[in-house]
Amino acid sequence: MGMIEARNLRKTYRAVQKQTGLVGSLRGLFHREYREVKAVAGVSFTIEPGEMVAFLGPNGAGKTTTLKMLSGLIHPTSGDARVLDHVPWKREDSFRRQFSLVMGQKNQLWWDLPAADSFQLHREIYSIPRAEYDETLSELTDLLGVEKLTKQAVRELSLGERMKMELIAALLHRPRVLLLDEPTIGLDVVAQTKIQRCLKDYHARRGVTVLLTSHYMRDVEALCERVLVINHGALIYDGPLAGVIERFGETKLVKLRFEGPPPDDLESFGELVRREGPFADIKVERARVAMVLAAILERSVVADVSVEEPPLEEVISRVFEEAEAAHDAA
Amino acid sequence: MNPLARSARYLRILRALAAHTLSRELAFRGNFLVKVSVEVLWLAIMLAFYKVVFARSSNVAGWNEPQYLFFVGCFFALNGLIEMLFLDNCNEFSELVRTGDLDALLLKPIDEQFLITCRRIDWGCAPNVFMGSGVMAMALYQMSWRFDPVKSAAFLATFACGVAIAYAFMVLLTSLSVWMVRNQSLMEMWWLFSSLARYPKEIFSGRWAEPLGMFFTYFIPILIVVNVPANVMVRAFDPAMVLMMLVATAALLWISRRFFLFALESYRSASS
């Protein structure tokens, strides 16, 4: 049995359609119009214990709604889910003790007090034994390098520091399942890297099961081997990260350094993305890479060559565009 | 977890929450002091007003001056206790729903109603409880009251019931925020509650007032919240009224609890 299981999970909202202007508002008092919004349209997947999985999709694709159903915050319209063998929306204490949801855009610490006070309250609510609490807190503050900041009022911390404190609060009770909703949103590269490292270390030490949504592919590449891609509420890919590139990355980047100036007809092999001095980078269809390389090597003297996969951002963007086009066509 | 251990855990958490909110209040000392000063002034105005009334009349609706003084103290203490423990929390609920900040509270392994309605203690209202108690003590002294264990126990029980009834009404109105999102009815209700509860129910006499008094005694029992404990202590001990209060308390707590849980099932959580 998986640690997280979703079976045909659906969530449909009724959204009020507000008419513009004063007359529209007055009319809305007596007659309201609603639109049905299918936030999640039958999502199924299983995540095994200890897996770290990325949940990707454009804004409004249904990622956060799915996470909210899996954490028990909202009830699904239909379908079923099991997290840690519990039905999440029953919100049993035994379930809530074993998981955490971190939302990058939400704050759960007491704003006017030092984070240490919030951690203490957290200890009481989760009934964490003192020794275990001290050990985990020390481990986490050390991992994130925030030992000296826990006694400073949360409102005085930078966004990155605050996010680190949020992460500590989420991990203090040693959850077995961790749901992360854009944990690095708005952070600089240094803070992002620190949080990635902390999550990686913590995952290696404690074997926690993680489902992560992020718009930063750097997070995904650093942490996850498996990817779920969702768009318009439906799952369009579930498989290894490398598979996404394989399936949706239509081109590879061939980087060449010539002994002399690059030949003039490089455009005939693919899209020429850079031409500077002896350097030339060409985007070539995956199936033609070997053929193109052979042709160039036959005609020119090449000092160095490398073939790279396209950046993940580009591939994911293509996935979303294709899904969008398919949805519009349907 | 057995009920005793569970109660002990909740008391520990309440103590921790109380300590946290006190730290927070003390961080904004000026605000705290202004709030306390306003409450002291408010009590002084109320007492001065009743002093003026009793300077011209020996009783109001059958209550003599010390009895009425006790009633005022009882109202002030009870009102202060409710404002201190629940009003801010319940009032903030619609904002939690609107912004989605409720999510963080719902994820904690603890009773949602407890955490939402008790998480912040408004220490600025704590002096009201002491001042109200002081006024009650002064009234008892003026009437040369002798300690009566039965009356005292009945007073404490009905006082607690009064707090519970007011809390249940608050929870009922607060729960509506899940659907309404913007909900100002709580403060309106609290104004109505304060206005009705601060007078003896005997003032509702006459052709139009009597049905109104009956309505707010038996249908929406706001009038019994202060009247019954004050009556029990300094006037007639009416067992039927005490029993009615106990039944009303149990029923309202149960109804408000069911309604709150039903409302949470409809919670949509704001978009992130």
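The structure presented is a predicted model; accordingly, all values stated were derived computationally and were not measured.

A few points about the overall build of chain A
Secondary structure summary: chain A contains 11 helices and 13 strands in total. Overall size of chain A, expressed as C-alpha extent along the three principal axes, is 75 × 55 × 45 Å. Within chain A, the fraction of its 330 residues that count as buried is 52%. Once local pairs closer than 6 in sequence are excluded, the contacts in chain A between residues at least 24 apart make up 71%.

Quick look at the overall build of chain B
Helices and strands together make up the secondary structure of chain B, namely 12 helices and two strands. For chain B, the sequential pattern of α-helices and β-strands runs α-α-β-β-α-α-α-α-α-α-α-α-α-α. Compactness check: chain B gives a C-alpha radius of gyration of 20 Å against a globular reference of 19 Å for 272 residues, within 12% of the reference. A buried classification covers 51% of the 272 residues belonging to chain B. For chain B, the proportion of contacts with a sequence separation of at least 24, taken over those separated by at least 6, is 81%. The centroid of the 23 positive side-chain charges in chain B is displaced by 3 Å from the centroid of its 18 negative side-chain charges.

Points about the pairing of strand E1 (residues 4-17) of chain A
Residues and elements named next belong to chain A. With 12 bridges connecting them, E1 and strand E2 (residues 33-47) associate as antiparallel partners. Bridge pairing links Val16 to Tyr34 in E2. By the bridge criterion, five bridges tie E1 to strand E4 (residues 78-83) in an arrangement that is antiparallel. Its bridge partner being in E4, Arg10 is matched across the sheet by Ser78.

Some remarks on the interface of chain A and chain B
Taken together, the 31 residues of chain A in the interface contact 32 residues of chain B. Between chain A and chain B, a total of about 2,900 Å² is buried, with carbon and sulfur atoms accounting for 58% of that surface. Among the residues chain A hides against chain B, the three largest losses belong to A:Leu73, A:Trp110 and A:Ile125. Together they make up 21% of the total. For the pair chain A and chain B, the number of links is five salt bridges.

Considering the domain arrangement of chain A
Domain parsing of chain A yields domain 1 (4-10 + 45-245) and domain 2 (250-308). Distance from the C-alpha centre of domain 1 of chain A to the C-alpha centre of domain 2 of chain A: 43 Å.

Focus on the sheet that holds strand E7 (residues 209-213) of chain A
All names here are of chain A. Taken in spatial order, the six strands make up an open sheet running E5-E6-E7-E3-E8-E9, and their pairing is mixed. Two strands in the sheet have a free side with no partner beyond their single neighbour: strand E5 (99-103) and strand E9 (234-240). With direction set aside, neighbouring strand axes in the sheet form an average angle of 15 degrees. With five bridges connecting them, strand E6 (residues 177-181) and E7 associate as parallel partners. The partner of Val177 across the bridge, within E7, is Thr209. This element, helix H9 (residues 241-248), spans strand E8 (226-231) and E9 of the sheet and lies at about 115 degrees to E9.

With respect to the packing of aromatic side chains
Two descriptors summarise a pair of aromatic rings, namely the distance from one centre to the other and the angle between the planes of the rings. For the structure on display, the rule yields 17 aromatic pairs over all chains. On the numbers, 5.2 Å between centres and 75 degrees between planes, the contact of B:Trp63 with B:Phe71 is edge-to-face. Like B:Phe71, B:Trp63 is buried. Ring geometry for B:Trp145 against B:Phe147: centres 6.3 Å apart, planes inclined by 85 degrees, an arrangement best described as edge-to-face. Relative accessible area serves as the criterion here: at 24%, B:Trp145 is assigned to the partly exposed category. Feature note: the residues B:Phe49, B:Tyr50, B:Phe54, B:Trp63, B:Tyr68 and B:Phe71 constitute an aromatic cluster, connected by ring pairs. The cationic tip of A:Arg123 hangs over the ring face of A:Tyr133; the distance from NZ or CZ to the ring centre is 5.8 Å. Above the face of the A:Trp110 ring, B:Arg120 is positioned so that its terminal group lies 5.3 Å from the ring centre.

Cut-offs and rules
- Residues numbered from 1 in each chain as written.
- Chains lettered and ligands numbered in written order.
- Predicted model: local features only at pLDDT ≥ 70, side-chain atom pairs only at ≥ 80, totals over all residues.
- Heavy atoms only, no water.
- Helix = DSSP H or I, 4+ residues; strand = E, 2+ residues; numbered from the N terminus.
- Buried < 20%, exposed > 50% of the residue type's maximum accessible area, 1.4 Å probe, protein only.
- Contact = heavy atoms within 4.5 Å.
- Rg over C-alpha atoms; globule rule 2.2 N^0.38 Å.
- Lys, Arg positive; Asp, Glu negative; His and termini not counted.
- Charge placed at Lys NZ, Arg CZ, Asp CG, Glu CD.
- Pairing = 2+ DSSP bridges.
- Buried area = accessible area lost by both parts, 1.4 Å probe.
- Salt bridge = Lys/Arg side-chain N within 4 Å of Asp/Glu carboxyl O.
- Domains from an automatic or database assignment.
- Axes fitted to C-alpha atoms, helices over the stretch in contact; angles between N-to-C directions.
- Phe/Tyr/Trp six-rings, centres within 6.5 Å; stacked < 30°, edge-to-face > 60°.
- Lys NZ or Arg CZ within 6 Å of the ring centre and 35° of its normal.

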